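So you can see what is in the structure, the chains are spelled out below.
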There are 2 protein chains.
Amino acid sequence: MMESTIKMGIVEDQILFREGIKAILKQRDNFDVIFESADGFSVIDKLEKTPLRPDVLLVDLSLPPQNKKEYSGLQLTIALAEKFPEIKVLVLSVHNDENFMTELIKNGAHGYLVKDCDPSEIFEAIVAVFEKGSYINSRTLKALQGSMIKKPKHGKKLLANISPREEEILKLTCQQFTADEIAEKLFISVKTVNGHRNNLLIKTGSRNVTGLVIFAIRNNIVQL
Amino acid sequence: MMESTIKMGIVEDQILFREGIKAILKQRDNFDVIFESADGFSVIDKLEKTPLRPDVLLVDLSLPPQNKKEYSGLQLTIALAEKFPEIKVLVLSVHNDENFMTELIKNGAHGYLVKDCDPSEIFEAIVAVFEKGSYINSRTLKALQGSMIKKPKHGKKLLANISPREEEILKLTCQQFTADEIAEKLFISVKTVNGHRNNLLIKTGSRNVTGLVIFAIRNNIVQL
DNA sequence: TGAAAAACAGGTATTTATACCTATGCTATT
DNA sequence: AATAGCATAGGTATAAATACCTGTTTTTCA
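Residues numbered from 1 in each chain as written. Chains lettered and ligands numbered in written order. Predicted model: local features only at pLDDT ≥ 70, side-chain atom pairs only at ≥ 80, totals over all residues. Heavy atoms only, no water.

Asker: Would you explain the protein's contact with DNA strand D in this entry?
Answerer: Around DNA strand D, 18 residues are found, and the nearest of them are Ser163(A), Arg165(A), Ser189(A), Asn208(B) and Val209(B). Per the 4 Å cut-off to the protein, sugar and phosphate atoms form 76% of the nearby atoms of DNA strand D. Within the contact set of DNA strand D, a phosphate oxygen lies 3.2 Å away from a side-chain nitrogen or oxygen of Arg197(B). Measuring from a phosphate oxygen of DNA strand D, one finds a backbone N or O atom of Val209(B) at 2.8 Å. Residue assignment for the surface near DNA strand D shows that the elements contributing at least two residues are helix 7 (164-174) and helix 9 (190-204) of chain A together with helix 8 (179-186) and helix 9 (190-204) of chain B. A class-by-class count of the residues in the surface near DNA strand D yields five nonpolar, eight polar and five charged. (Near = heavy atom within 4 Å. Polar contact = N/O pair within 3.5 Å; in protein donor to acceptor, adjacent residues only side chain to side chain. Helix = DSSP H or I, 4+ residues; strand = E, 2+ residues; numbered from the N terminus. Nonpolar A, V, L, I, M, F, W, Y, C, P; charged D, E, K, R; others polar.)

Asker: Is there a simple way to explain the packing of aromatic side chains in this structure?
Answerer: To describe a pair of aromatic rings, you give the distance between the ring centres and the angle between the ring planes. Applying the stated rule across the entire model yields two aromatic pairs over all chains. When the ring of Phe31(B) is compared with that of Phe123(B), the centres are 5.4 Å apart and the planes differ by 25°; the resulting orientation is stacked. Of this pair, Phe31(B) sits in strand 2 (residues 31-37) while Phe123(B) sits in helix 5 (residues 119-132), placing them 92 residues apart in sequence. In this pair, the class of Phe31(B) matches that of Phe123(B), namely buried. Between the NZ or CZ atom of Arg28(A) and the centre of the ring of Phe123(A), over which it lies, the distance is 3.7 Å. (Phe/Tyr/Trp six-rings, centres within 6.5 Å; stacked < 30°, edge-to-face > 60°. Buried < 20%, exposed > 50% of the residue type's maximum accessible area, 1.4 Å probe, protein only. Lys NZ or Arg CZ within 6 Å of the ring centre and 35° of its normal.)

Asker: Just checking my understanding: could you explain the packing of helix 2 (residues 40-49) of chain B against helix 3 (residues 73-83) of chain B for this structure?
Answerer: When two helices pack together, their arrangement is given by the angle between the helix axes and by the axis-to-axis distance. Residues and elements named next belong to chain B. Two elements in contact, helix 2 and helix 3, have axes whose closest approach is 10 Å; the angle formed by their N-to-C orientations is 15°. Considering the angle they form, helix 2 stands roughly parallel to helix 3. In this structure, helix 2 meets helix 3 at a crossing whose hand is right-handed. On helix 3, the residues that touch Gly40, Val43, Ile44, Leu47 and Glu48 of helix 2 are Leu76, Ala79, Leu80 and Lys83. Taken together, the residues of the contact of helix 2 with helix 3 break down into six nonpolar, one polar and two charged. (Axes fitted to C-alpha atoms, helices over the stretch in contact; angles between N-to-C directions. Parallel < 35°, antiparallel > 145°, perpendicular 65-115°, else oblique. Left-handed = near helix turned anticlockwise from the far one by under 90°. Contact = heavy atoms within 4.5 Å.)

Asker: Explain the environment of Thr140(A) to me, please; I cannot follow it from the model alone.
Answerer: Residue and element names in this part refer to chain A. Residue placement: Thr140 occurs in helix 6 (residues 138-149). Sequence separation between Thr140 and Tyr112 is 28 residues, and the spatial gap between their C-alpha atoms is 7.0 Å. Apart from residues lying up to four places away in sequence, Thr140 is in contact with Met101, Ile105 and Tyr112.

Asker: Would you mind showing me how to read the nonpolar core here?
Answerer: In summary, soluble globular proteins display a tendency toward joint burial of nonpolar side chains. In terms of nonpolar packing, the biggest core is built from 49 residues, with Leu80(B) and Ile126(B) touching the most fellow members. Residue contributions to this core peak at seven residues, all from helix 5 of chain B. Formed by 44 residues, the second largest nonpolar core is a distinct cluster that contains Ile162(A), Ala179(A), Ala216(B) and Val222(B). (Core = buried A, V, L, I, M, F, W, Y, C linked by side-chain atoms within 4.5 Å.)

Asker: Hey, could you run me through the interface of chain B and chain A in this one?
Answerer: Contacts between the two partners involve 39 residues from chain B, matched on the other side by 41 residues from chain A. Summed over both partners, the interface of chain B with chain A buries about 3,700 Å², with 56% contributed by carbon and sulfur atoms. Applying the counting rule to chain B against chain A returns five salt bridges. Between Glu124(B) and Lys132(A) there is a salt bridge; the shortest N-O distance is 2.6 Å. At the junction of chain B with chain A, the criterion picks out eight residue pairs in polar contact (both at pLDDT 80 or more). (Buried area = accessible area lost by both parts, 1.4 Å probe. Salt bridge = Lys/Arg side-chain N within 4 Å of Asp/Glu carboxyl O.)

Asker: How should the sheet that holds strand 1 (residues 6-11) of chain A be read in this particular structure?
Answerer: In any sheet, the strands associate via hydrogen bonds between backbone groups, in a parallel or an antiparallel arrangement. Residues and elements named next belong to chain A. In space, the five strands of this open sheet follow the order 2-1-3-4-5, with parallel pairing throughout. Two strands close off the open sheet at either side, each with one partner strand: strand 2 (31-37) and strand 5 (111-114). Shown here is a sheet whose adjacent strand axes are inclined to one another by a mean of 25°, direction ignored. Pairing analysis gives six bridges linking strand 1 to strand 2, with the strands arranged parallel. Across the sheet, Ile6 pairs through a bridge with Phe31, a residue of strand 2. The strands touched by helix 3 (residues 73-83) within the sheet are strand 1, strand 3 (56-60) and strand 4 (88-93), with strand 3 carrying the most contacts at an inclination of about 155°. (Pairing = 2+ DSSP bridges.)

Asker: Can you walk me through helix 7 of chain A in this structure?
Answerer: For an α-helix, 3.6 residues make a turn, and residues three or four places apart therefore share a direction. Those residues of helix 7 of chain A that fall on the buried side of the exposure criterion are Glu166(A), Glu167(A), Ile169(A), Leu170(A), Leu172(A), Thr173(A) and Cys174(A). Tucked inside the fold, the buried residues of helix 7 of chain A contact helix 8 (179-186), helix 9 and helix 10 (209-218) of chain A together with helix 10 (209-218) of chain B. Among the residues trailing helix 7 of chain A, Gln176(A) stands out with phi positive, at a value near 70°.

Next comes the structure, spelled out in structure tokens:
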């Protein structure tokens, strides 16, 4: 198996971890880090401006979802799959959450790794993604299988633990009601509605209602 | 990466192919064929009676489904996953059918290979399945992703005469960009963006962006 | 060639949404 | 008994979206 040099990109907001990864990759001479970024939005911009694009992009999933001005790792994955399908996306995450994995794979990620994996697995995963187009380990496969099997018809209950009340408000939001109107409908304060909305934004990693609507549709909380 | 000897099993009704596989595996001394069978039912029987079980079981998917007294490859996979979950099932098939793959993976197969793959890939797949618990190549992953993503059926655009520019702005809006950001991206004024948005609201009969997003999804202007 | 539509830009004003706080009563779990 | 999550409600800000206006320029097309 020949291993030509793989052009790497790293998307990671924590500079320490980013430099750490770079250092690790530099130990082997068949990895060349030619691209790096600290946040999701600049990734797309930078990629559009450069002719030299990475073969494999390591993306930190934990790109801050609490900061709504940023892409979440999932959103970035979606954007990358659409705009730069030739770039292989390998997601790094601290989450061991089934739903995160499956959402990512569904939306175009080529591989998934938890951050506490064996270092050698990173090399392995990068090479696999580069040469074969994908890397799925058994843990991820199990998640995929699980998510596919429990999909009987109308059953939802996937992704992010939305509380019943939050779901209720999400539904009404998707019906184009304003916070005021929702408050009136539910006999609660506008403040409370806004509180729930803010929680929803954080939980779903959205920047605004647009993201909430898409989330709701993806998760069958509202029908099309 | 250490490679201890892997105990192999082969389930294949065509004796010629079975012997062929055995011969290939014998070329490498880290594969030890300790189990073989020509049909599905006897596999379960034999496995129940022996204490020496294979680590990896190569299963030919084309096990005859016309004979109702036989397991099909799929049924066998299901039975194996239930009774012997510790045995890794690597499916070999002539079919390149998405649905076959996904059904198998859903039901517990640890890997999928088409028979005309490169011989070296068989070794690779066996080792991967044994050591990491799974083997999915890019072709299979694509099938999995394809089967999981709910795709809209109607390809044509109906409803409302949205201008190209409006559609552009609608797309970006759905990607959670604010009017400011869209203006910056398109090198136009925020006023213009808002003008387009207002036109969109009127044309689509929406009250706010929520309605725009739903319209965009319904009309395939954006993908889910 | 003349009318219509599209893209563009600007204004003023109000309404909504979002960010970031605190805080309390309730319930389930450990 | 302490912890955690939820639903509730409040405050103070700013950012963004929406509602109506006015225009100019270019393109498209009947």
